[in-house]
Amino acid sequence: MLPLKDIRVIEFCNVAAGPFCGMLLADMGADLVKVEHPQGGDTMRQWPPLNGGYSENFASLNRNKRSVTLDLKKPGDRDRARALVRGADVLIENNRPGVMERLGLGYASFQDENPKLVYCSVSAFGQEGPRAEEGGFDLTIQAMAGVMSVTGEPGGAPVKCGVPLSDFCAGLYAAYAVASALREVAHTGRGTHIDVSMLGASLAVAALQTSEYFGTGRDPVKLGSAHPRNAPYQAFRASDGYFAMAAGNDGLWRAACGAIGREDLAGDARFGSTALRARHQAELKEILEKEFAKHGAADLLAKFRAAGVPCAPINTYSQALADEQVRHMGWVREIGLPSGARTRTFVSPLRFDGQGFPVRRDPPALGEHNEEVLGESSLPQASGPRR
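All figures in this text were calculated on a predicted structure; none of them were measured in a lab.

Novice: Report on the sheet that holds strand β8 (residues 192-197), specifying residues and quantitative values.
Specialist: Pairing is parallel across the open sheet formed by six strands, whose spatial order is β5-β2-β1-β6-β7-β8. Each of the sheet's edge strands pairs with one partner strand only, and the pair in question is β5 (65-69) and β8. Looking at each pair of strands side by side, their axes are set apart by 20° on average, direction ignored. As paired strands, strand β7 (residues 118-123) and β8 are joined by six bridges and run parallel to one another.

Structure, rendered in structure tokens:
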């Protein structure tokens, strides 16, 4: 099943948030045409690691896409871009607000020619407001959105989330919004302009933190791996390293106590409810880690799994990608690069009726589909590479 197989998307995007949105739509079957500058293309093409001269980072966000090269500052190429958009269902762009208008590719300019167009703009702060003209990267948005204020150990220096949370949350929101808007187009025949901001997306996924502030008037604080309202629910030290364990309710707490032979803790008044355990979690951690020091992490994980208590090793990415569940789901697949090299990528984790989504196209070379795409539009060839 490819639910977006009849949808054409034109992508004017660089680096992460916009290309991730585009790839999510392409994974669902959309015909995605990525428009890049003839000189260098998407700047992520230069990001290491390089495999035969081709960026593995770029490959991870640009499967199932076709690439054409157009210099949007040249009138002829701008006309070609407009022709592509006139025949499209969706446009995605992640330039600063105002750039697409200056290039003659703004939303309003297509409303008469393509009234069904879903036009999705992804930016740091949104299309209007006092910060609209400011740029932003994942780091600066994580800082501004409060993410760095709750990440890391208490009293430690500011730390960003190691995964580019702000970029990819914005891309997810954008893809969700596009899919929703296409549903509306099917009913009404009217397109729309979607405004996705990295700041807004980062604050939206922090619902537990913003609601804590709204409910108490106090800022959430850094807790390392611990939880402000639940315990035991964090990383713990065993005799040979760390592991994670989450006894997230009273039943699991009793099961966890039984797993390590400390049933007495279940009757301790300090730990008699989720709220009490969270209030006394520093004391609880000290007690538990004295017990955990008698065992290796693998032994403790076996005990907790046998008792039905959620737990996990602290995996590296090589370990996570080699996990038996990842193998079973078929989430890691081999792909080819234009350099001729082979690599692997993590594909869509979604399944419909038990089936995952295929990699229909390997990541493209810059301008690989100029003749193919522009030929479909009965247009002269574009600037840049000819393949």
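Novice: Report on the packing of aromatic side chains, specifying residues and quantitative values.
Specialist: All told, the structure shown has 12 aromatic pairs when counted by the stated rule. Aromatic pair Y54 and F58: ring centres 5.9 Å apart, planes at 80°, arrangement edge-to-face. Exposure remark for Y54: the relative accessible area of 8% places this residue in the buried category. Ring geometry for F352 and F357: centres 5.0 Å apart, planes at 80°, overall edge-to-face. Residue class for F352 comes out partly exposed when judged on its relative accessible area of 30%. Members of the aromatic cluster, each reached through a chain of ring pairs, are F236, F243, F292 and F304. R82 extends its terminal NZ or CZ atom over the ring of F110, reaching a point 4.1 Å from the ring centre.

Novice: Account for the pairing of β7, naming residues and giving values.
Specialist: Counting buried positions along β7 yields six of six residues, so the element is predominantly enclosed. Neither face of β7 is open: one carries V118, C120 and V122, the other Y119, S121 and S123, and all of them are buried. Where strand β6 (residues 90-93) lies against β7, four bridges are found, and the strand directions are parallel. Residue pairing across strands places V90 opposite V118, the latter belonging to β7.

Novice: With reference to specific residues and values, describe the nonpolar core.
Specialist: One finds V9, L25, V90, V118 and V178 to be the most contacted residues of the largest nonpolar core, which totals 35 residues. Listed by contribution, the elements that provide at least two residues to this core are α1 (17-27), β6, β7, α5 (138-145), α6 (165-188), β8 and α7 (198-204). For this core, the leading source of residues is α6, giving eight residues. Ignoring anything within four residues of it in the chain, the contact list for L25 reads L4, V9, A30, I92, A175 and V178. In terms of nonpolar packing, the next biggest core, distinct from the first, is built from 24 residues, A238, W253, I287 and A297 among them.

What counts, and where the lines are drawn
- Residues numbered from 1 in each chain as written.
- Predicted model: local features only at pLDDT ≥ 70, side-chain atom pairs only at ≥ 80, totals over all residues.
- Heavy atoms only, no water.
- Pairing = 2+ DSSP bridges.
- Helix = DSSP H or I, 4+ residues; strand = E, 2+ residues; numbered from the N terminus.
- Axes fitted to C-alpha atoms, helices over the stretch in contact; angles between N-to-C directions.
- Phe/Tyr/Trp six-rings, centres within 6.5 Å; stacked < 30°, edge-to-face > 60°.
- Buried < 20%, exposed > 50% of the residue type's maximum accessible area, 1.4 Å probe, protein only.
- Lys NZ or Arg CZ within 6 Å of the ring centre and 35° of its normal.
- Core = buried A, V, L, I, M, F, W, Y, C linked by side-chain atoms within 4.5 Å.
- Contact = heavy atoms within 4.5 Å.

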